[in-house]
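The primary structure of each chain is shown beneath.
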Amino acid sequence: QVQLVESGGGLVQAGGSLRLSCAASGATFSRPVMGWFRQAPGKEREFVAGISWSGGITNYADSVKGRFTITRDNAKNTVYLQMNSLKPEDTAVYYCAARFGAVLVKQYDYAYWGQGTQVTVSS
């Protein structure tokens, strides 16, 4: 079992930045892969970014490439999502997720989820 708690969401103007954090606890010794997903009102949850245990493998959705950066600090059991050049279409609830194995992009491949944090980008 892995427990996840997100923080760092909020309201920001277009062009601004936010950094989300996700603190993990539980079976972190099993080296989970971590991912960020988001869900806007009326839309399906979508993959945003993922990172391997070592941090050597990252994957991004095309819509955020060049603007968002996923990193992790295993000593702190925390994964981060730095979001720059935010756009109104980035508005969503952002979820942290964990799985064991490869960095995958489908929500159904992730077994553990946080409660989500709201990000709102105003135009």
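All of these numbers come straight from a predicted model, not from anything done at the bench.

(A) How the structure looks around the side chain of glutamate 6. Mapped onto the fold, glutamate 6 is located in strand β1 (residues 2-7). The buried charged residue glutamate 6 lacks any salt bridge, with arginine 45 as its nearest oppositely charged partner at 7.6 Å. Reaching out from glutamate 6, the side chain makes a polar contact with the backbone nitrogen of cysteine 96 at a distance of 2.8 Å. Polar side-chain contacts of glutamate 6 include one of 3.0 Å to the backbone nitrogen of glutamine 115.

(B) Representation of the pattern of salt bridges in the model. Across all of its chains, the model carries 4 salt bridges by this definition. With a shortest N-O distance of 2.6 Å, glutamate 46 and arginine 38 are connected by a salt bridge. Owing to a relative accessible area of 35%, glutamate 46 belongs among the partly exposed residues under this scheme. Between arginine 38 and aspartate 90 there is a salt bridge; the shortest N-O distance is 2.9 Å. Highlighted residues: arginine 38 in strand β4 (residues 33-39) and aspartate 90 in the loop between β8 (78-83) and β9 (92-99), separated in sequence by 52 residues. Each of Arg38, Glu46, Arg67 and Asp90 takes part in salt bridges that share partners, so that together they form one network.

(C) Examining unusual backbone geometry more closely. In this model, asparagine 77 sits at a positive phi of 50°, which is unusual for a non-glycine residue. Secondary-structure assignment places asparagine 77 in the loop between β7 (68-73) and β8. A residue is classified by how much of its surface remains accessible, and asparagine 77, at 27% relative accessible area, is partly exposed. Even without being glycine, serine 85 reaches a positive phi, approximately 50°. Within the secondary structure, serine 85 sits in the loop between β8 and β9.

(D) Region of the structure containing the nonpolar core. One finds Leu4, Trp36, Leu81, Met83 and Tyr94 to be the most contacted residues of the largest nonpolar core, which totals 30 residues. Elements that contribute at least two residues to this core include exactly β1, β3 (18-26), β4, β5 (46-51), β7, β8, β9 and β11 (117-122). Not counting residues within four places of it along the chain, the set of residues in contact with leucine 4 comprises Cys22, Ala23, Ala24, Met34, Cys96, Ala97, Ala98, Tyr112, Trp113, Gly114 and Gln115. Val33, Ala97, Val103 and Tyr110 belong to the second-largest nonpolar core, a separate cluster that totals 6 residues.

(E) Main features of the side chain of threonine 117. Following the sequence through the fold, threonine 117 ends up in strand β11. Beyond its immediate stretch of four places on either side in the chain, threonine 117 contacts Glu6, Ser7, Gly8, Gly9, Leu20, Ala92, Val93 and Tyr94.

(F) Fine view of the sheet that holds β3. Spatial strand order, β1-β3-β8-β7: 4 strands in an open sheet with antiparallel pairing. At either margin of the open sheet sits one strand with a lone partner, and together these are β1 and β7. Direction aside, neighbouring strands of the sheet carry axes that sit 20° apart on average. Bridging between β3 and β8 involves 6 bridges; their strand directions are antiparallel. From the neighbouring strand, leucine 18 faces β8, where its bridge partner is methionine 83.

(G) Local environment of the state of the cysteines. Under the definition given, this model contains 1 disulfide. Here cysteine 22 engages in a disulfide with cysteine 96; their sulfurs sit 2.1 Å apart. Where cysteine 22 bonds to cysteine 96 through sulfur, the torsion about that S-S bond is close to -80°, and the disulfide is left-handed. In this pair, cysteine 22 sits in strand β3 while cysteine 96 sits in strand β9, placing the two residues 74 residues apart along the sequence. Summarising the burial analysis for this pair, cysteine 22 and cysteine 96 share the class buried.

About the cut-offs
- Residues numbered from 1 in each chain as written.
- Predicted model: local features only at pLDDT ≥ 70, side-chain atom pairs only at ≥ 80, totals over all residues.
- Heavy atoms only, no water.
- Helix = DSSP H or I, 4+ residues; strand = E, 2+ residues; numbered from the N terminus.
- Buried < 20%, exposed > 50% of the residue type's maximum accessible area, 1.4 Å probe, protein only.
- Lys, Arg positive; Asp, Glu negative; His and termini not counted.
- Salt bridge = Lys/Arg side-chain N within 4 Å of Asp/Glu carboxyl O.
- Polar contact = N/O pair within 3.5 Å; in protein donor to acceptor, adjacent residues only side chain to side chain.
- Core = buried A, V, L, I, M, F, W, Y, C linked by side-chain atoms within 4.5 Å.
- Contact = heavy atoms within 4.5 Å.
- Pairing = 2+ DSSP bridges.
- Axes fitted to C-alpha atoms, helices over the stretch in contact; angles between N-to-C directions.
- Disulfide = S-S within 2.5 Å.

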